[in-house]
Amino acid sequence: MSTPPVSLAASNTVYTYHCLCSHLLVATTTPLPSLPVRQATSTHEQTHIMPLPPPPAPLLPKKRSIQAPMDHYGLLLSTTPSPAPEIHRSDDGFEKRYLQRCNRCSLVVGYQLDWEGFEGAGRSGRREDVVFLLRDGFMSTSEMIMAKRRKDAGGAMDEGVGVGGMAGQQVGVPS
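Calculation rules
- Residues numbered from 1 in each chain as written.
- Predicted model: local features only at pLDDT ≥ 70, side-chain atom pairs only at ≥ 80, totals over all residues.
- Heavy atoms only, no water.
- Helix = DSSP H or I, 4+ residues; strand = E, 2+ residues; numbered from the N terminus.
- Contact = heavy atoms within 4.5 Å.
- Areas by Shrake-Rupley, 256 points an atom, 1.4 Å probe, with all protein chains shown as cover.
- Disulfide = S-S within 2.5 Å.
- Pairing = 2+ DSSP bridges.
- Phe/Tyr/Trp six-rings, centres within 6.5 Å; stacked < 30°, edge-to-face > 60°.
- Buried < 20%, exposed > 50% of the residue type's maximum accessible area, 1.4 Å probe, protein only.
- Lys NZ or Arg CZ within 6 Å of the ring centre and 35° of its normal.
- Core = buried A, V, L, I, M, F, W, Y, C linked by side-chain atoms within 4.5 Å.

Student: I'd like a description of the overall build of the protein, backed by residues and values.
Tutor: Regarding its fold elements, the protein presents one helix and twelve strands. Of the regular secondary structure in the protein, the N- to C-terminal order runs β-β-β-β-β-β-β-β-β-β-β-α-β. Across the protein, every contact between residues at least 6 apart in sequence was considered, and the portion connecting residues at least 24 apart equals 54%. Carbon and sulfur atoms make up 56% of the accessible area of the protein, which totals about 11,400 Å².

Here it is, written out as C-alpha cells:
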C-alpha cells in the first residue's frame, strides 16, 4: 500500500526544525521535505523554498473581512539576517543573498534574495516573502530527540543529520 502524497493544505499540525546546534529555528505547517526545492545547476546546493507570511498590517480601525485560509504558514523563529547582501557567483551568473544565521551558533541556515535579481521588480533590498533554507542546515525535533537519546545511551551522535527526507516533529494545535 503506497502512502498518499503530502498536501500543502493548512492543517492543525506544526512542524518544528532546529539548527544543528539544537536551537529552534523554524515552525511551519508544511514539512520541509514537502516544500519545493531550488536546485542549483552549478553546485550541489539544494534549498527548500519556504514562503513567508506578509508583515503584519498596522492596527487601524477597518471593516472586518473574511480571509481565505492560507495553504501554508511558516516562520523563522531565531535567525538573524545579514544587514548587507553577499554576492554569490555561479555558472548561471551572480545573485545578491542576505544570509540567515542561527542566533546561537551563527551557522548559515538559509538566505533571502535581493529584489534586483528579478526583472520588472523595480526595487531593491531583501525579498521578505520567501526564504531559501539550506537542506542540510536543519534537523527535525524528532531527529534531535533521537540523537540525544542515542548519545545518552552511550552511542555517538549522527553527523550530517538534516531534513533531506525526514518529516518534522508534529505539534498538535487546538482547533
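Student: Can you tell me about the state of the cysteines, naming the residues and giving the values?
Tutor: Under the definition given, this model contains zero disulfides. The thiol of Cys-19 is unpaired, and the distance to the nearest cysteine sulfur, on Cys-105, comes to 3.6 Å.

Student: Quick rundown of the pairing of strand S8 (residues 93–102)? Include the residues and the values.
Tutor: As judged from the three bridges shared by strand S6 (residues 79–81) and S8, these two strands associate in the antiparallel manner. Its bridge partner lying in S8, Thr-79 is registered against Cys-102. Judged from the five bridges that link them, strand S7 (residues 86–90) and S8 form a sheet pairing that is antiparallel. When the sheet's bridge partners are listed, Arg-89 is paired in S8 with Phe-94. In this structure, the hairpin formed by S7 and S8 is closed by a connection of two residues. Where S8 lies against strand S9 (residues 108–113), five bridges are found, and the strand directions are antiparallel. Across the sheet, residue Arg-101 finds its bridge partner in S9, namely Val-108. Counting the residues between successive antiparallel strands, the hairpin from S8 to S9 contains five residues, one of them, Ser-106, with a positive phi of roughly 70°.

Student: A description of the packing of aromatic side chains should follow, citing residues and the corresponding values.
Tutor: Applying the stated rule across the entire model yields two aromatic pairs. Ring centres 5.2 Å apart and planes at 15° place the aromatic pair Tyr-111 and Phe-132 in the stacked group. Linking Tyr-111 in strand S9 with Phe-132 in strand S10 (residues 130–134), this pair joins segments that are 21 residues apart in sequence. Plain terms: the ring middles of Trp-115 and Phe-118 are 6.1 Å apart, the flat faces sit at 65° to each other, and that makes the pair edge-to-face. You can call Trp-115 buried: its relative accessible area is 16%. Over the ring of Tyr-111 we find Arg-97; its NZ or CZ atom is 3.9 Å from the centre of that ring. One residue, Arg-123, lies across the ring of Trp-115, its end atom 4.0 Å from the ring centre.

Student: Any chance you could break down the nonpolar core for me, citing the residues and the numbers?
Tutor: In this structure, Tyr-17, Leu-25, Val-26, Leu-32, Met-50, Leu-133 and Phe-138 are the most contacted members of the largest nonpolar core, which totals 14 residues. A total of three residues in this core trace back to one element, the largest contributor, which is strand S1 (residues 13–19). Within the second largest apolar cluster, five residues are counted, among which are Leu-99, Tyr-111, Leu-113 and Val-130.

Everything listed is a geometric property; what it means functionally is a separate question.
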